[in-house]
Amino acid sequence: MEQNIKSAASRNDALFERAKKLIPGGVNSPVRAFKAVGGTPRFVQRAQGAYFWDADGQRYIDYIGSWGPMILGHGHPTVVEAVQKAVLEGFSYGAPTEREVEMAEEIVNLVPSIEMVRLVSSGTEATMSVIRLARGATGRSKIIKFEGCYHGHSDALLVKAGSGLATFGSPTSAGVPPEVVKDTLVLEYNHIVQLEEAFSLHGKNIACLMIEPIAGNMNFVRASVPFIKRCRELCTQYGALLVFDEVMTGFRVALGGAQSVYAKSIPGFKPDMTALGKVIGGGMPMAAFGGSRAVMEHLAPLGGVYQAGTLSGNPVATACGLATLREIQKPGFYEALGARTRSLVAGLAQAATQAGVPFCGDSEGGMFGFFLLDTLPQNYPQVMKTDSPSFNRFFHAMLDSGVYYAPALYEAGFVSAAHTAEDIAATVDAAVRFFASK
Ligand SMILES: *Cc1c(COP(=O)(O)O)cnc(C)c1O
């Protein structure tokens, strides 16, 4: 593994200084600023396969993959070819194209709960539009979300739990008026009793319950099977829509998303609505939401719920997404990806255990998480108990060894099909060195 060369004339430092003068915090999305872990963000120059190179020419094994989309690794030849071909045909028309139809067909074929789908350009747009659609279709106002789940940055979803049990939340961002989140009920993840209480108090007014079924925005926390089962039962009983936010997990944890993982334990399980993003664009701005025909027909131009987008179903993005979706359907793709990801988590666990460092980890498909704790957290307050200074030391030691993990404790990690057994071994070696030096 190449060692990080810390030179006085670091281009990363110079770029960060330049960026900070013009872009708030020097970045176009907050987590990129390294605020949680400290230090200078790496400015990426180029990427190939499992690696990217920063502005100083340093190579990193990439365990973020653009926060999930790059499931094939960077610069997959088939995807690059599809994008190059699409670019030559045209960038954007504001009129329908055949590839949008193909994209819809792929999604509907791969995700059984989706009968109709609409393409948008970001996960935020997908979840925001699902909420409006759920409210429009049910004629109700209230929504349920869970503490620690991230659903993008639309106003109604930037909410934290209120002070009491099953109370309505307060904004987590300045600029979100309290009246905008007054209908958002924030509950504890995996807490069945609280969920039941919320439905018994507000059930008839709840338009939808939105959940990250495997939460990747509080590191990696699975919703338990009994919890998901109860979510499904209560939504059905009270006529609320069950919305799976699979922007991260869709096509990442399994070909059919997290819902297909739960359907193995809960026969016939389906959410009513699903938000998709990240992998479906293969690294281009694309996301989608879909569900039953009856609900989707409420969308304009068929129904009264308005939703639109100048770049929605963009021809270059659909080319990239389609090529990606076709690659991941090849036989054995998820078996290999899952095995590689499990070998990483097992290797890290062994490295920590040998050094007497508490460690626990979990993964599904190509998504993983780990904590420097003895037992896996089940909800956000438990995640918050993690010791972040030790994570930050781990993060920087790995970075110096050329391994790039998410620069925050509260983020999941991603393995791509391009990561080799050698990449995993090199990563584990770096972890062994770190744990031994502690
Ligand atoms: C990334 C993410 C979003 C937001 O998607 P953007 O494309 O960043 O707007 C929403 N929900 C989940 C679960 C996500 O991981």
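What counts and how
Residues numbered from 1 in each chain as written. Predicted model: local features only at pLDDT ≥ 70, side-chain atom pairs only at ≥ 80, totals over all residues. Heavy atoms only, no water. Helix = DSSP H or I, 4+ residues; strand = E, 2+ residues; numbered from the N terminus. Buried < 20%, exposed > 50% of the residue type's maximum accessible area, 1.4 Å probe, protein only. Polar contact = N/O pair within 3.5 Å; in protein donor to acceptor, adjacent residues only side chain to side chain. Contact = heavy atoms within 4.5 Å. Axes fitted to C-alpha atoms, helices over the stretch in contact; angles between N-to-C directions. Parallel < 35°, antiparallel > 145°, perpendicular 65-115°, else oblique. Left-handed = near helix turned anticlockwise from the far one by under 90°. Domains from an automatic or database assignment. Buried area = accessible area lost by both parts, 1.4 Å probe. Salt bridge = Lys/Arg side-chain N within 4 Å of Asp/Glu carboxyl O. Near = heavy atom within 4 Å. Areas by Shrake-Rupley, 256 points an atom, 1.4 Å probe, with all protein chains shown as cover. Nonpolar A, V, L, I, M, F, W, Y, C, P; charged D, E, K, R; others polar. Expected span 1.5 Å × (residues − 1). Arc of directions from axis to C-beta. Pairing = 2+ DSSP bridges.

Chemist: Got a sec to walk through the side chain of N217? Specific residues and values, please.
Modeler: Inspection of the secondary structure puts N217 in the loop between strand 10 (214–215) and strand 11 (221–222). N217 gets classed as buried once you look at its relative accessible area, which sits at 19%. Of note is the side chain of N217, whose polar atom sits 3.0 Å from the side chain of E212. With residues near it in sequence (within four places) discarded, N217 still touches G148, Y150, E212, M248, Y410 and E411.

Chemist: Lay out the packing of helix 12 (residues 388–400) against helix 13 (residues 421–437) in plain terms, naming residues and giving numbers.
Modeler: The geometry of helix 12 relative to helix 13 is characterised by a closest axis approach of 10 Å and an angle of 130 degrees between their N-to-C directions. The orientation of helix 12 relative to helix 13 falls into the category oblique. Relative to helix 13, helix 12 is oriented so that their crossing is right-handed. Here S390, R393, F394, A397 and M398 of helix 12 come into contact with helix 13, specifically with T427, A430, A431, F434 and F435.

Chemist: Which residues make up the domain arrangement of the protein, and what values go with them?
Modeler: For the protein, the assigned domains read domain 1 (11–71 + 331–437) and domain 2 (77–327). Just the C-alpha atoms count here: the centres of domain 1 and domain 2 sit 26 Å apart. Contacts between the two partners involve 30 residues from domain 1 and, on the opposite side, 28 residues from domain 2. Buried area between domain 1 and domain 2, both sides added, is near 2,400 Å², and the carbon and sulfur share of it is 59%. In this structure, the connection of domain 1 to domain 2 is made through two salt bridges. In this structure, D362 and R222 form a salt bridge, with 2.7 Å as the shortest nitrogen-oxygen distance. Joining domain 1 to domain 2, the criterion identifies 14 residue pairs in polar contact (both at pLDDT 80 or more).

Chemist: Report on the site of the ligand, specifying residues and quantitative values.
Modeler: The ligand sits among S122, G123, T124, Y150, H151, G152, E212, N217, D245, V247, M248 and K278. Contact distances for the ligand include 3.2 Å between a nitrogen atom and a backbone N or O atom of Y150. Contact between the ligand and N217: an oxygen atom at 3.2 Å from a side-chain N or O atom of the residue. Look at the ligand: alone it shows 380 Å² of surface, and the protein chains cover 82% of it. Within the shell around the ligand, the residues separate by chemical class into three nonpolar, six polar and three charged.

Chemist: Talk me through the environment of C235; I want residue IDs and the actual numbers.
Modeler: Structurally, the position occupied by C235 is in helix 6 (residues 225–238). Taking relative accessible area as the criterion, C235 reaches 0% and is therefore assigned buried.

Chemist: Before we move on, could you go through the environment of G65 and cite the residues and values that matter?
Modeler: Along the chain, G65 turns up in the loop between strand 3 (59–62) and helix 2 (77–89). Counting along the chain gives 325 residues from G65 to S390, while the straight-line C-alpha distance between them is 24 Å.

Chemist: Kindly report on helix 1 (residues 11–22), identifying the contributing residues and their values.
Modeler: Along its 12 residues, helix 1 runs 17 Å from first to last C-alpha, staying within 8% of the 16 Å computed at 1.5 Å per residue. Within the span of helix 1, buried status applies to N12, L15, F16 and A19. In a view along the axis of helix 1, the buried residues occupy a sector of 105 degrees, so they form one face of it. More than 90 degrees from the buried face of helix 1, the exposed residues found are R18 and K21. Residues of helix 1 that are buried make contact with strand 2 (51–54). Two to three positions downstream of the cap, the backbone nitrogen of N12 sits 3.2 Å from a side-chain oxygen, assigning the N-cap of helix 1 to S10.

Chemist: An account of the pairing of strand 16 (residues 367–371) is needed here, citing residue identities and associated values.
Modeler: Counting buried positions along strand 16 yields five of five residues, so the element is predominantly enclosed. A two-sided burial pattern is seen for strand 16, the buried positions comprising M367, G369 and F371 on one face and F368 and F370 on the other. Pairing analysis gives five bridges linking strand 15 (residues 360–364) to strand 16, with the strands arranged antiparallel. The partner of E364 across the bridge, within strand 16, is M367. The turn linking strand 15 back onto strand 16 is made up of two residues, and G365 within it adopts a positive phi angle of 55 degrees. Sheet analysis places strand 16 next to strand 18 (residues 413–414), joined by two bridges and oriented antiparallel. Across the sheet, F368 pairs through a bridge with G413, a residue of strand 18.

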